[in-house]
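Each chain is listed here by its residues.
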Amino acid sequence: MSYFVAAAVRGSTGWSAKEVDLAGVADIEEVADRLRDVESDADVALLFVESDETYLAILRLDDGEDLRIFGSDAVFAEESRLGTLLLGDIEAPVPEIDEVVAGTDDTIRPPADPDVEPVGDADLLADLGVPAGRLLALCAREGMLPADVTAEVCQAIGAGDAVEELREA
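Criteria and cut-off values
Residues numbered from 1 in each chain as written. Predicted model: local features only at pLDDT ≥ 70, side-chain atom pairs only at ≥ 80, totals over all residues. Heavy atoms only, no water. Axes fitted to C-alpha atoms, helices over the stretch in contact; angles between N-to-C directions. Helix = DSSP H or I, 4+ residues; strand = E, 2+ residues; numbered from the N terminus. Contact = heavy atoms within 4.5 Å. Nonpolar A, V, L, I, M, F, W, Y, C, P; charged D, E, K, R; others polar. Buried < 20%, exposed > 50% of the residue type's maximum accessible area, 1.4 Å probe, protein only. Arc of directions from axis to C-beta. Pairing = 2+ DSSP bridges. Parallel < 35°, antiparallel > 145°, perpendicular 65-115°, else oblique. Left-handed = near helix turned anticlockwise from the far one by under 90°. Core = buried A, V, L, I, M, F, W, Y, C linked by side-chain atoms within 4.5 Å.

Section: the packing of helix α6 (residues 146-157) against helix α7 (residues 160-168)
Where α6 meets α7, the closest approach of the two axes is 7 Å, and the angle between their N-to-C directions is 145°. Contact residues: A147, T150, C154 and Q155 in α6; G160, D161, V163 and R167 in α7. Here the residues of the contact of α6 with α7 are counted per class, giving three nonpolar, three polar and two charged.

Listed below in structure tokens is the structure:
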């Protein structure tokens, strides 16, 4: 499987981004440690893990603590070792996409019967301007790749330029 892993961190000077190597990590705490290492004093640290143009996982640390995780599809945990490592311990699925997305912007509509099964904390970006309904709608929108979701989310939270520069490097 091919991966793109980017950390977007908000410190005292605004957002910055850095590619993160997850090779050799043994557990979710090691992943969190690598995210902390990007900028140890960051107010908000996000890790976007894109896999095979199919799956997306987003991890969040606030002030280096309280790890929160969202996965675009529970199948990622069944498909790869990294997916298992990131999403394997998440027990609670998110509410049904149709229930959450019903009140979102009409321009973002999921397919009637989405094939994705998001898991984790879909509200992890709500205070940054991406409520659960919008995140779920993006993940369920037909034709949206994980890179597209990452780009749209990062643009909405103000980290779009930093992550785009990283992707182009």
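Comments concerning α7
Taken residue by residue, α7 has G160, A162, V163 and L166 as its buried positions. Summarising the axial view, the buried residues of α7 lie within an arc of 170°, below the 170-degree limit, and thus occupy one face. Structural note: α7 exposes D161, E165 and E168 on the side pointing more than 90 degrees away from its buried face. Turning to α7, the residues buried within the fold contact β1 (3-11), β2 (14-19) and α6.

Concerning the sheet that holds strand β5 (residues 65-71)
Taking strand neighbours across the sheet as the criterion, the six strands line up as β2-β1-β3-β4-β5-β6 in an open arrangement whose pairing is antiparallel. With one partner strand each, in any of the chains shown, β2 and β6 (119-120) form the two edges of the open sheet. Where helix α1 (residues 28-38) meets the sheet, its contacts fall on β1, β2, β3 (44-51), β4 (55-62) and β5, and the angle it forms with β4 comes to roughly 65°. Packed on one face of the sheet, α6 meets β2, β3 and β4 and runs near 160° to β3.

Some thoughts on the side chain of S72
Structurally, S72 can be placed in the loop between β5 and α2 (75-79). Exposure remark for S72: the relative accessible area of 8% places this residue in the buried category. If near-sequence neighbours (up to four positions away) are discounted, S72 is found in contact with T54, Y55, L56, V116, E117, P118 and C139.

Details of the packing of helix α5 (residues 132-140) against α6
Where α5 contacts α6, the axes come no closer than 10 Å and their chain directions differ by 155°. The pairing of α5 with α6 is recorded here as roughly antiparallel in orientation. Crossing handedness for the pair α5 and α6: right-handed. Across from R134, L135, L138 and C139 in α5, the residues of α6 making contact are V149, E152, V153 and A156. When its residues are assigned to classes, the contact of α5 with α6 shows six nonpolar, no polar and two charged.

Focus on the nonpolar core
L22, V31, L47, V49, L59, L86 and L87 are the most contacted members of the largest nonpolar core, which has 26 residues in total. Residues contacting L22, with those up to four places away along its chain left out, are V5, V31, R34, L47, V49 and L82. L135, L138, M144 and I157 belong to the second largest nonpolar core, which has 25 residues in total.

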